[in-house]
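Listed here are the chains, written in short residue letters.
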Amino acid sequence: MCGIVGIWSRTGENNEQVVEAMSNTLAHRGPDGNDISFVAPVTMGHRRLAIIDLVSGDQPMSTTDERYTIVFNGEIYNYIELRQELEQEGLVFKTTSDTEVLLQTFVHWGEKCLEKLVGMFALAIWDRSEETLFLARDRSGKKPLLYFWDGHSFAFASELKALLQVPGCETRLNAQALELYLALGYVPAPLAIFQKVQKLQPGHYLKFKKKQVQIRRYWFPESTPCRPATTHTERLAEFRTLFAESIRLRLRSDVPIGIFLSGGIDSSAVAAEVVAQGKKLQALSVVFDEDQTDLPYAIQVAEQLGLPHEIIEVGGSFKNDLEHILWHYDEPFADTSNIPSFYLARAARKYCKVVLNGDGADEVFAGYRHYEYIYWKQSLKRLACAAGLKDGRIGDPWLIYFQSKAIFRYNERINLLNSDTNKNSFEQFIRGHPFLGSTQPKMALYRALRADRHVYLPNDLLYKMDIALSAFGVEGRSPFLDHRLLEWAQFLPIGDLVCGKAKKLLLRKAYNGILPSEIIDRPKQGFGSPITRWLEGSLSELLDEYLPSTLLEQQSQRHVLKSFRERPSQVNSTRVWVLLMFALWAHQWRVTW
């Protein structure tokens, strides 16, 4: 969970002071080391969280001939295998770090090296000979990477706050990004909330050369060849093999590892597989003081697997920490589970520098309730077609899915923005997304899974955990997001995923008899927060102080707030929370149009 920063300057000067200021904003990401390197016209900085090779893995790192220099955030889990492959071709290594292996894979294979990497990464490599800056981001989007280009300076960083140290990078709102925030509760890549800043999308790389930015997609999971037809029993065995290998690689560390345990099937499966490989990791769980529904299940799993278990309670006192939490989340962010995630990460740092989690299982094996809805809609649509009814009577489950995702509808967003110039940025975003624009696959459930894997997962869930963990110098690893497992799972039959109200069928079947039946049969609970209680109680004063925000149309905000106070439903609470998080964030960052 390191932090990387860098600037290319048109005039070629050493930007050490600016890069140092950028790096200082990311000190929390890398408490174990800090260095800056200038190779004209590029200045790069690195904040290190030491996980592999604690002694000699410092960055920025250069090749012996000083042609290539790298800064890198993440872990290359298969670095040992890649090193052995390169050593067979005569390469000699000076360290035992995955950073040196990553650098040499680029030297040896160029951009094609990305296809060989198993891991999570955001990297920048400067090629002094070709005068090319190469950036890349991992396939699932575990590691963030943003960049700024104004025609004079090209800069990159792990977090937006670092880019704000670059002259010319201002806190001026991007209207399209703000509309998407009002629809989703987060700002999806490639957009950023500020003008002139963008995010590199997962599974993409960027080349900056001769003042030109070229972006290419390198991961095409949908083009992976379909595997031969298999039986359900064979697929169970294939999954267990892939998952065990993913766990094995993610247990590589020179520092202590822990595991987040929620009491659900996802994190419990990770814990069970870890124990099967002979490891007893520290288990950590978070509960609210008035809602301990999940706690008995987490305790049961920890006791059955023989894991040491720490329980962290979160109460209503987080109001005092809210400003600090919002500072870490550079953009307006309305996923309420970021608050318990923040406290969970803080507790984890007392025990370990690396934690395993169950992130991604819902997007891989169809764990959300809306998949059940789409399944039934698709079934009704097929029946309607068979009966000779027109498709319009049932509706397109794919379009219904996206419409249902919007927190504020199109007209509401336009009213809040007091403008119609964006012409539905939400729809434009979906149609133009590299992983979503295709009409394939035809089946709505598979398309919804793809959407969640490539939009919701990286821009909400993974961003949430990266920021929370990095705030305390902790690295998170997600075994369900091994790209080989993702490519394999995209071809699973619907019967392995959803059947009626039952979801994640293959995952549950794989651990039937290994985990308690209460865990196997338990429906998904989610990792949310009691926002209605918060908004009516400890945070009610903030509503009066910060809403309506002067940056949005005030009458529309008053209407939303009035609806909540008259009828504090989950829908109205979420809408108020979205507005409040934006207002608090905008005040903290002194945002302007």
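Residues numbered from 1 in each chain as written. Predicted model: local features only at pLDDT ≥ 70, side-chain atom pairs only at ≥ 80, totals over all residues. Heavy atoms only, no water.

## Focus: the sheet that holds strand β7 (residues 132-137)
Logical step 1: Spatially, β4-β5-β6-β7-β11-β12 is the arrangement adopted by the six strands of the open sheet, whose pairing is antiparallel. Looking at the sheet topology across the chains shown, the edges are occupied by β4 (61-62) and β12 (212-217).
Logical step 2: Pairing between strand β5 (residues 68-76) and strand β6 (residues 119-127): nine bridges, direction antiparallel. The partner of Ile 70 across the bridge, within β6, is Ile 125. (Pairing = 2+ DSSP bridges. Helix = DSSP H or I, 4+ residues; strand = E, 2+ residues; numbered from the N terminus.)

## Observations regarding the nonpolar core
Logical step 1: Within the largest apolar cluster, 181 residues are counted, with the highest numbers of intra-cluster contacts made by Leu 114, Leu 163, Phe 239, Phe 365, Phe 480 and Tyr 511.
Logical step 2: Counting residues per element, this core draws most heavily on helix α16 (residues 444-470), at 15 residues.
Logical step 3: When near neighbours in sequence (up to four residues on either side) are disregarded, Leu 114 contacts Phe 121, Leu 123, Phe 134, Ala 136, Arg 139, Tyr 205 and Tyr 218.
Logical step 4: Ile 4, Trp 8, Phe 154 and Phe 156 belong to the second largest nonpolar core, which has 18 residues in total. (Core = buried A, V, L, I, M, F, W, Y, C linked by side-chain atoms within 4.5 Å. Buried < 20%, exposed > 50% of the residue type's maximum accessible area, 1.4 Å probe, protein only. Contact = heavy atoms within 4.5 Å.)

## A word on the packing of aromatic side chains
Logical step 1: According to the stated counting rule, one finds 28 aromatic pairs in the structure shown.
Logical step 2: Centroid distance Phe 154 to Phe 208: 4.4 Å. Interplanar angle 20°. Geometry classified as stacked. With Phe 154 in strand β9 (residues 153-157) and Phe 208 in strand β11 (residues 204-209), this pair connects stretches of sequence that are 54 residues apart.
Logical step 3: When the ring of Tyr 329 is compared with that of Phe 333, the centres are 5.1 Å apart and the planes differ by 10°; the resulting orientation is stacked. Each member of the pair Tyr 329 and Phe 333 is classed as buried.
Logical step 4: Positioned above the aromatic ring of Trp 109, the side-chain terminus of Lys 116 is 4.4 Å from the ring centre.
Logical step 5: The ring centre of Tyr 297 lies 4.0 Å from the NZ or CZ of Arg 522, which sits over that ring. (Phe/Tyr/Trp six-rings, centres within 6.5 Å; stacked < 30°, edge-to-face > 60°. Lys NZ or Arg CZ within 6 Å of the ring centre and 35° of its normal.)

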